[in-house]
Amino acid sequence: MIRNRVLAVGVAAALSLTACGGGGASKNDPYGLETAGTIEAAVSTDQPPFASASKAGAPQGYIVDVTNEVAKRLKLKVNYKASTVPAALQGLTSGQYDLAASGLGVTAERQKQVSFTKALYWSTTAVVTRTDESASQVTDFRGKQVGVVTGTVQEAFIAQKMTGARKVQFPNQNAAVSQLLSGNLDAFVVGGPDAEAYLKQYKKLKIATSAPVDHPTSMAVQKKNTKFLQAVDAQLTAMVGDGTFLRLYKKWFTEAPADDLVSVWPALKSQLGS
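Residues numbered from 1 in each chain as written. Predicted model: local features only at pLDDT ≥ 70, side-chain atom pairs only at ≥ 80, totals over all residues. Heavy atoms only, no water.

Draft legend 1. Representation of the overall build of the chain in the model. The secondary structure content of the chain amounts to eleven helices and 13 strands. Counting over 274 residues, the chain shows a buried share of 47%. A separation of at least 24 residues holds for 70% of the contacts in the chain among residues at least 6 apart in sequence. Per element, the accessible surface of the chain, about 13,400 Å² overall, is 52% carbon and sulfur. (Helix = DSSP H or I, 4+ residues; strand = E, 2+ residues; numbered from the N terminus. Buried < 20%, exposed > 50% of the residue type's maximum accessible area, 1.4 Å probe, protein only. Contact = heavy atoms within 4.5 Å. Areas by Shrake-Rupley, 256 points an atom, 1.4 Å probe, with all protein chains shown as cover.)

Draft legend 2. Representation of empty space enclosed by the protein within the structure. The tally for this structure, following the rule as stated, stands at one cavity of 30 Å³ or more. Estimated volume of the largest cavity: approximately 30 Å³. As for the largest cavity, its lining consists of Ile39, Thr67, Val70, Leu99, Met219, Phe228 and Val232. Contributions of two or more residues to the lining of the largest cavity are made by α2 (62-74) and α8 (226-242). When its residues are assigned to classes, the lining of the largest cavity shows six nonpolar, one polar and no charged. (1 Å grid on protein atoms, 1.4 Å probe; cavity = no way out; pocket = protein on both sides within 12 Å on 5 of 7 lines; lining within 4 Å. Points joined across faces, edges and corners; volume = space filled by probe spheres on them. Nonpolar A, V, L, I, M, F, W, Y, C, P; charged D, E, K, R; others polar.)

Draft legend 3. The sheet that holds strand β8 (residues 124-130), seen in detail. On the basis of which strands lie adjacent, the open sheet formed by five strands has the order β10-β9-β11-β8-β12 and mixed pairing. With one partner strand each, in any of the chains shown, β10 (166-170) and β12 (205-212) form the two edges of the open sheet. Strand-to-strand twist in this sheet, taken as the mean axis angle between neighbours without regard to direction, amounts to 30 degrees. Relative to β10, strand β9 (residues 145-149) is paired through five bridges, and the arrangement is parallel. Among the inter-strand pairings, Val148 is bridged to a residue of β10, identified as Gln169. Sheet strands in contact with helix α6 (residues 173-182) are β8, β9, β10, β11 (187-191) and β12, and its direction is about 150 degrees off that of β11. Against the sheet, helix α7 (residues 192-201) contacts β8, β11 and β12, and its axis sits at roughly 125 degrees relative to β11. (Pairing = 2+ DSSP bridges. Axes fitted to C-alpha atoms, helices over the stretch in contact; angles between N-to-C directions.)

Draft legend 4. Broad picture of the pattern of salt bridges. Tallying each qualifying case throughout the model produces nine salt bridges. Where Asp242 meets Arg73, a salt bridge forms, and the shortest distance between an N and an O atom there is 2.9 Å. Here the residue Asp242 occupies a position in helix α8, and Arg73 occupies one in helix α2, the gap between them amounting to 169 residues. Arg73 sits in the partly exposed class, given a relative accessible area of 25%. One salt bridge in this structure joins Glu109 and Lys112, with 3.2 Å as the shortest N-O distance. Residues joined by salt bridges that share partners form a network here, namely Glu69, Lys72, Arg73 and Asp242. (Salt bridge = Lys/Arg side-chain N within 4 Å of Asp/Glu carboxyl O.)

Draft legend 5. Inspection of the packing of aromatic side chains at higher detail. Tallied over the full model, the rule gives ten aromatic pairs. Pairing Phe50 with Tyr121 gives two aromatic rings, centres 5.4 Å apart and planes at 85 degrees, and the pair type is edge-to-face. Of this pair, Phe50 sits in the loop between β2 (46-47) and β3 (51-53) while Tyr121 sits in the loop between β7 (114-116) and β8; the two residues are 71 residues apart in sequence, bridging distant segments of the chain. Each member of the pair Phe50 and Tyr121 is classed as buried. Relative to Tyr249, the ring of Tyr121 has its centre 5.8 Å away and its plane inclined at 20 degrees; by these criteria the two rings are stacked. (Phe/Tyr/Trp six-rings, centres within 6.5 Å; stacked < 30°, edge-to-face > 60°.)

Draft legend 6. Spatial organisation of the sheet that holds strand β1 (residues 38-43). Taken in spatial order, the five strands make up an open sheet running β5-β1-β6-β13-β7, and their pairing is mixed. The open sheet has two free edges, formed respectively by β5 (77-82) and β7, since each of these has just one partner strand. Looking at each pair of strands side by side, their axes are set apart by 35 degrees on average, direction ignored. Across two bridges, the pairing between β1 and strand β6 (residues 99-105) is parallel. Within the sheet, the bridge partner assigned to Ala41 lies in β6 and is Leu99. Docked against the sheet, α2 engages β1, β5, β6 and β13 (217-222), running at close to 150 degrees with respect to β5.

Draft legend 7. Region of the structure containing helix α9 (residues 244-252). Every buried residue belonging to α9 is among Thr244, Phe245, Leu246, Leu248 and Tyr249, and all of these are buried. Packing partners of the buried residues in α9 comprise α2, α8, α10 (259-264) and α11 (267-271).

Printed below as a string of structure tokens:
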């Protein structure tokens, strides 16, 4: 009987420890992280300038810099793991990751699965083509092969704006750009900053047309982990206030923050001198 009681207590304790993972804060882990003291972060390194891989393979970019600064202020480490956007979002819901450290469009559909940090950028959608392509409007791509990364917000753009286009899905941006350069695609739809980054790399590419978006770009966290989300947003607010946010922004972008982003962060207005 005593042995059975000991086993029952042991099982109950084990279940209790399992239930505390991911979102359950404790004295040693006030942020409810999957690994105490470390942010398990999924990063898509084919999203320049938000995130890309250095020659040594380490993640770099605007989102990476922001994540590292937040982690430093929270006295946490970051463990980056390469992932696609769909896999990163799925990894948040399954408890594999604490943070999707990529440039993610905030959509109502995604908000059903994950929670988003405060806005980090306000983007555009760009239709990238080769320089020899004559199409210059979204309506010019009927019957043409238009690439897009699976699971991105640009899929909806093609469906809603590019009537008659033949959507071709890719696992990542680099694969789509490669097919565009080789002539197997007529266009590739991607976020504006990403498009600009590829134009700097490849002189044979251009932005045929672009359009503003109606949502911010942010990072995502587990929906249940409100403590971590609050901690990240608090540090982002502090970074905006002390000028760190704008410094990191200017490191990676040449254009000024969009008015929509400034409306989210009013302190940026005075820092921009307007």
